[in-house]
Amino acid sequence: MRVKHLLSTTDLSYADAVRILDTADQMAAVSSREVKKLPALRGRTVVNLFFEDSTRTRISFETAAKRLSADVINFSAKGSSVSKGESLKDTAQTLMAMSADAVVIRHGSSGAPQQLADSGWIDAAVVNAGDGKHAHPTQALLDAMTLRRVRSRATGVASTGMDLEDMHVVIVGDVLHSRVARSNVWLLSTLGARVTLVAPPTLLPVALTGWPCEVSYDLDAVLAEAPDAVMMLRLQRERMNAAFFPSEAEYTRGWGLTAQRVRRLEEAGAPTVFMHPGPMNRGLEISSEAADSPRSTVLEQVANGVSVRMAVLFLLLSGDESSPNPSEN
Ligand code: NCD
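Bear in mind that the values here come from a model prediction, so they are computed numbers and not experimental data.

Cut-off values and rules
- Residues numbered from 1 in each chain as written.
- Predicted model: local features only at pLDDT ≥ 70, side-chain atom pairs only at ≥ 80, totals over all residues.
- Heavy atoms only, no water.
- 1 Å grid on protein atoms, 1.4 Å probe; cavity = no way out; pocket = protein on both sides within 12 Å on 5 of 7 lines; lining within 4 Å.
- Points joined across faces, edges and corners; volume = space filled by probe spheres on them.
- Domains from an automatic or database assignment.
- Helix = DSSP H or I, 4+ residues; strand = E, 2+ residues; numbered from the N terminus.
- Expected span 1.5 Å × (residues − 1).
- Buried < 20%, exposed > 50% of the residue type's maximum accessible area, 1.4 Å probe, protein only.
- Near = heavy atom within 4 Å.
- Polar contact = N/O pair within 3.5 Å; in protein donor to acceptor, adjacent residues only side chain to side chain.
- Areas by Shrake-Rupley, 256 points an atom, 1.4 Å probe, with all protein chains shown as cover.
- Sits in = over half its atoms within 2 Å of the grid points.
- Nonpolar A, V, L, I, M, F, W, Y, C, P; charged D, E, K, R; others polar.
- Core = buried A, V, L, I, M, F, W, Y, C linked by side-chain atoms within 4.5 Å.
- Contact = heavy atoms within 4.5 Å.
- UniProt positions renumbered as here; feature names shortened; annotations may be inferred.
- Salt bridge = Lys/Arg side-chain N within 4 Å of Asp/Glu carboxyl O.

Peer 1: What am I meant to see in empty space enclosed by the protein here?
Peer 2: Rolled over the atoms, a probe as big as a water molecule pinpoints where empty space is left. In total, this model carries one cavity of 30 Å³ or more according to the counting rule given. Looking at which domains feed residues into the lining of the largest cavity, each of domain 1 (5-136 + 304-318) and domain 2 (137-297) gives three or more.

So, in structure tokens, the structure goes:
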């Protein structure tokens, strides 16, 4: 990979993105074997530095690092010296004293991973696992991997080398607070997809100039175009300090993937799959009919997350030259 760190999908070229996704496909082959381990990162140390709550992302990075035989240190801010006021700098330097090769960081402040990478406090590879409202690059990569596989199943063409040209992906909901939406808009458009954001005006960022996507307030009108995928975002109530919509029922009526909308897509014979990064608010932004439908890719996204994170750690820590060669163990 051209980059030393993975901070944002805006840093990824088309070639970088396809390379990570192709590597992730190879890693997925490892995960489906009985022995799910590669020796690639034996003797290397990956630190998971989580200042914000997380279940699936932290477990996913931990699983990914372990499947590559790295040593993993989990450091969560709760119950650590951070809650006693230790700064990011002191925490980082403590980790370096433990010889970390990669630091996977999730932080409530946008820009914290960038600060860690630029600071000179550490010389490890920094992987952004979600910073504030800013970016969540591995989530976007796992979404792109899922979309390639959806296309591969529909066309019968292998996903290796594939991009998302001509796919229409609709991202719905709380775009304003969503690092997942931001990272996806850039990555999916780099890969050639057409991206449409749909949200109430209050849940869209004020300035969308320069974003490579279309914007609509009308979910039903966009769904009538039979998109390839609709990605529902969680309403991030922990980041809301005001009322952004009249009531939850109103929000669901306008922007939820309700049972009625699922039925309409099915009646129209649309190919649309249903995506969600989790955790889901069932009955609010997504109905159980959608979440549990055969069209739902929610669990496939989780599985692909491990493969994508294996690929990212492998490419950042082993450099460009070698290949993971899953057949060798
Ligand atoms: C996302 C996150 O934390 O940004 N979740 C995740 O990584 N699985 C999305 C969310 O919290 O809504």
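Peer 1: Quick question: what am I supposed to make of helix 2 (residues 56-67) here?
Peer 2: Because each turn of an α-helix spans 3.6 residues, side chains separated by three or four positions in sequence point in the same direction. With twelve residues, helix 2 ought to run about 16 Å at 1.5 Å a step, and its terminal C-alpha atoms sit 16 Å apart, in line with that. Those residues of helix 2 that sit buried are Thr 57, Ser 60, Phe 61, Glu 62, Ala 64, Ala 65 and Arg 67. Directly beyond the C-terminal end of helix 2, a positive phi value near 70° is found at Ser 69.

Peer 1: Where do I start with the site of the ligand in this structure?
Peer 2: Close to the ligand lie Arg 56, Thr 57, Arg 106, His 136, Gln 139, Arg 179, Val 180, Arg 234, Gln 236, Pro 277, Gly 278 and Pro 279. Separating an oxygen atom of the ligand from a side-chain N or O atom of Thr 57 is a distance of 3.0 Å. Contacts to the ligand include Arg 234, whose side-chain N or O atom sits 2.7 Å from an oxygen atom. When the ligand sits alone it has 320 Å² of accessible area, and the protein chains cover 94% of it. Taken atom by atom, the bulk of the ligand overlaps the largest pocket. Looking at the shell around the ligand, the elements that each hand over two or more residues are helix 2 and helix 6 (179-190). Residues of the shell around the ligand, tallied by class, amount to three nonpolar, five polar and four charged.

Peer 1: Got a minute to help me understand the nonpolar core in this structure?
Peer 2: For soluble globular proteins, the rule of thumb is that nonpolar side chains tend to be buried together. Judged by nonpolar contacts, the single largest core of 89 residues is most densely connected at Leu 141, Ile 171 and Leu 313. A per-element tally of this core places helix 11 (residues 298-318) first, with ten residues. Every residue in contact with Ile 171, bar those within four places of it in the chain, is listed here: Ala 181, Asn 184, Val 185, Val 195, Thr 196, Leu 197, Val 198, Met 231 and Leu 233. Phe 51, Met 96, Ala 100 and Ile 122 belong to the second-largest nonpolar core, a separate cluster that totals 18 residues.

Peer 1: What's the story with the UniProt feature "binding site: carbamoyl phosphate" (unreviewed entry) in the protein chain in this structure? I'm lost.
Peer 2: UniProt records the feature "binding site: carbamoyl phosphate" (unreviewed entry) at Arg 56, Thr 57, Arg 106, His 136, Gln 139, Gly 278 and Pro 279, using the numbering of this structure. The annotated residues named above include Arg 56, Thr 57, Gln 139 and Gly 278 as those lining the largest cavity. Among the secondary structure elements, Thr 57 is positioned in helix 2. Setting aside anything within four residues of it in sequence, one finds Thr 57 in contact with Phe 50, Arg 106, Ala 129, His 136 and Arg 309. Positionally, Pro 279 belongs in the loop between strand 9 (273-275) and helix 10 (288-291). Once residues within four sequence positions are removed from consideration, Pro 279 is found in contact with Arg 56, Arg 234 and Glu 285.

Peer 1: How do you make sense of the domain arrangement of the protein chain when you look at a structure like this?
Peer 2: One frequent convention defines the size of an interface as the accessible area lost when the parts assemble. Taken domain by domain, the protein chain holds domain 1 (5-136 + 304-318) and domain 2 (137-297). Taken residue by residue, the interface counts 36 residues in domain 1 and 31 residues in domain 2. Applying the counting criterion to the domain 1 and domain 2 interface returns four salt bridges. A salt bridge links Arg 148 to Asp 22, with the nearest nitrogen and oxygen atoms 2.9 Å apart. Summed over the shared surface of domain 1 and domain 2, the result is 17 residue pairs in polar contact (both at pLDDT 80 or more). If you list the elements that add at least two residues to the side of domain 1 that touches domain 2, you get helix 1 (14-31), helix 2, strand 3 (102-107), strand 4 (125-131) and helix 11. With nine residues, the top contributor of residues to the side of domain 1 that touches domain 2 is helix 1.

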